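If you want the building blocks of each chain, they are given just below.
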Amino acid sequence: MVISTTATDSDENLNNTFASRYVRTALPRFKMPENSMPKDAAYQVINDELMLDGNPRLNLASFVTTWMEPECNDLIMASINKNYVDMDEYPVTTELQNRCVNIIAHLFNAPVGDKETAVGVGTVGSSEAIMLAGLAFKRKWQNKRKAEGKPYDKPNIVTGANVQVCWEKFARYFEVELKEVKLTEGCYVMDPVKAVEMVDENTICVAAILGSTLTGEFEDVKLLNDLLSKKNKENGWNTPIHVDAASGGFIAPFIWPELEWDFRLPLVKSINVSGHKYGLVYAGVGWVVWRSKEDLPDELIFHINYLGSDQPTFTLNFSQIIAQYYQFIRLGFEGYKRIMENCLENARALKEGLEKTGRFKILSKDKGVPLVAFSLKDSSKHTVFEIAESLRRFGWILPAYTMPADAQHIAVLRVVVREDFNRSLAERLISHIEQVLRETDALPSRVPVEAAHIIPADKTLDNMAENKAVKKSEREIQEEVALYWKRLVSERKTGPC
């Protein structure tokens, strides 16, 4: 959640047209009102304000599910007053979580034999799941270092610069150094070779992404496993891998079952996945599964009895467990496979439509999360930020952002294709993008003039007076434009979701 600040003008009021039928005085904006109001008036006050929110179905920035069947909505409302943490009072809900964990564990090829038995928990989303998995890695590494009599105060984790911000939060909150593999133009995911080079004796794990937030691309977990196994053997280490499958975990098993990224690889010790993304459940539900009980240190598990019985717990929040189980039994393997195939087909149709304009370079890959990430071939006069801003008037919400280091000169638009984004919507979006392109072409450039030229430092004032400017390269222009727009929208916080 965003951080809210208290208002300096706390006496500001809300004036509501419809509510005036019931309320004769203005409603305080930042203070609790002195008196009660009728329930239909309270509903109207809030409903009127919410009308100005964006349409979730047209929010193409988000991976989060925005549509579910009415029957599942009914189940959610019927169980919304349950405190899932109270396992003794709600044993059936607890059983449904256990079933979901088992379903996901089998989907990810987790071991279920006598020697290794996978364990897992439901979370409010992948951010919490990553915090829990990271804590497990950190604690296990610390315990091993203590037993060996070695320092355990400088843990680090190796990731790509394309990781979601929750990894940065984990590193900062739990005092772990984040070692990022920088990106390069044309390669917007972590390079396994460079990642393994960064691994040292203080590395608690290497995090691989199955479905990059930036381009949807799957990282090569198999190659990472092979290279890391070799380095571990050479140095006597046992550095493990965590797979952040927040977006791709419910795609790869159905579309590319032969792809080795999961517990089939021996160094993969834990995997997180978001149920509220391609698990097809409303926010928020996530899951994290460990290869075996040994990978989850027991000292991190709390045992409580104040709710009626001994209850082991290792979560921080509640989640949409019942809705997730509904989708699993309602759709089955076949249903999930059909939906993911349809999403990928719609993403391909959108990609082809964008390519036909001749104005965009497609950065996303066909093998990955169903999304289309694209940049302008020519950003010297207009930018992707202008296109995103112009599309707002049609109701479309597209994120425009710059890539992380060292590809920050690349500015990108991204469309996430979810289950409720059909072919007709894709065609309508393309027509609106084409209209915006025609309109911006007719407008004067909003890119600063100084972004197109540069005066080298070694030129004298006389040279400058004679206007002997040297033209910038295409990359320098892109970097300047991206920096300009990044500053312009910095307060809006419209980065990738």
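So, a few notes on the structure that sits alongside this text.

Calculation notes
Residues numbered from 1 in each chain as written. Predicted model: local features only at pLDDT ≥ 70, side-chain atom pairs only at ≥ 80, totals over all residues. Heavy atoms only, no water. Buried < 20%, exposed > 50% of the residue type's maximum accessible area, 1.4 Å probe, protein only. Helix = DSSP H or I, 4+ residues; strand = E, 2+ residues; numbered from the N terminus. Pairing = 2+ DSSP bridges. Arc of directions from axis to C-beta. Contact = heavy atoms within 4.5 Å. 1 Å grid on protein atoms, 1.4 Å probe; cavity = no way out; pocket = protein on both sides within 12 Å on 5 of 7 lines; lining within 4 Å. Points joined across faces, edges and corners; volume = space filled by probe spheres on them. Nonpolar A, V, L, I, M, F, W, Y, C, P; charged D, E, K, R; others polar.

## Let's talk about the pairing of strand 13 (residues 371-376)
And then number 1: Summarising burial for strand 13: six of the six residues are buried, a large majority.
And then number 2: Because side chains alternate across strand 13, one face comprises the buried residues Leu 371, Ala 373 and Ser 375, and the other comprises Val 372, Phe 374 and Leu 376, equally buried.
And then number 3: As judged from the three bridges shared by strand 12 (residues 360-362) and strand 13, these two strands associate in the antiparallel manner. Looking across to strand 13, one finds that Ile 362 is bridged to Phe 374.
And then number 4: The pairing of strand 13 with strand 15 (residues 411-416) spans four bridges and is classified as antiparallel. Directly across from Leu 371, in strand 15, lies its bridge partner Val 416.

## A short note on unusual backbone geometry
And then number 1: The linkage connecting Ala 283 with the following residue, Gly 284, adopts the cis geometry, with an omega of 0°.
And then number 2: Note that Gly 284 resides in the loop between strand 8 (268-274) and strand 9 (286-290).
And then number 3: Note the cis peptide between Ala 405 and Asp 406, where omega equals 0°.
And then number 4: The residue Asp 406 is located in the loop between strand 14 (400-402) and strand 15 in this model.
And then number 5: Residues other than glycine seldom take positive phi values, yet Asn 109 does so here, at roughly 55°.
And then number 6: Along the chain, Asn 109 falls in the loop between helix 3 (91-107) and strand 3 (119-123).
And then number 7: Residue Asn 109 is classed as partly exposed on the basis of its relative accessible area, which comes to 34%.
And then number 8: The phi angle at Leu 280 is positive, at roughly 70°, despite the residue not being glycine.
And then number 9: With respect to the helices and strands, the residue Leu 280 is situated in the loop between strand 8 and strand 9.
And then number 10: The exposure class of Leu 280 is buried, given its relative accessible area of 4%.

## Side note on helix 2 (residues 70-79)
Owing to its 3.6 residues per turn, the α-helix brings residues three or four apart onto one side.
And then number 1: Taken as a whole, helix 2 has its buried residues at Cys 72, Ile 76 and Ser 79. For helix 2, the angular spread of buried residues about the axis comes to 80°, placing them on one side. Projecting away from the buried face of helix 2 at angles above 90 degrees are the exposed residues Pro 70, Asp 74, Met 77 and Ala 78.
And then number 2: Lining the buried residues of helix 2 we find helix 9 (321-356).

## Overview of empty space enclosed by the protein
And then number 1: All chains considered together, the criterion is met by two cavities of 30 Å³ or more.
And then number 2: Roughly 110 Å³ of volume is contained in the largest cavity.
And then number 3: Residue lining of the largest cavity: Leu 344, Ala 347, Arg 348, Lys 351, Ile 362, Ser 364, Lys 365, Asp 366, Val 369, Pro 370, Leu 371 and Val 372, and that is the complete set.
And then number 4: Those elements giving two or more residues to the lining of the largest cavity turn out to be helix 9 and strand 13.
And then number 5: Tallying contributions element by element places helix 9 first for the lining of the largest cavity, with four residues.
And then number 6: Of the residues that constitute the lining of the largest cavity, the class distribution is seven nonpolar, one polar and four charged.
And then number 7: Considered as a void within the structure, the second largest cavity measures approximately 70 Å³ in volume.
And then number 8: Lining the second largest cavity are Phe 63, Thr 65, Thr 66, Trp 67, Lys 277, Tyr 278, Leu 280, Arg 418, Glu 419 and Asp 420.
And then number 9: Class assignment of the residues belonging to the lining of the second largest cavity gives a composition of four nonpolar, two polar and four charged.

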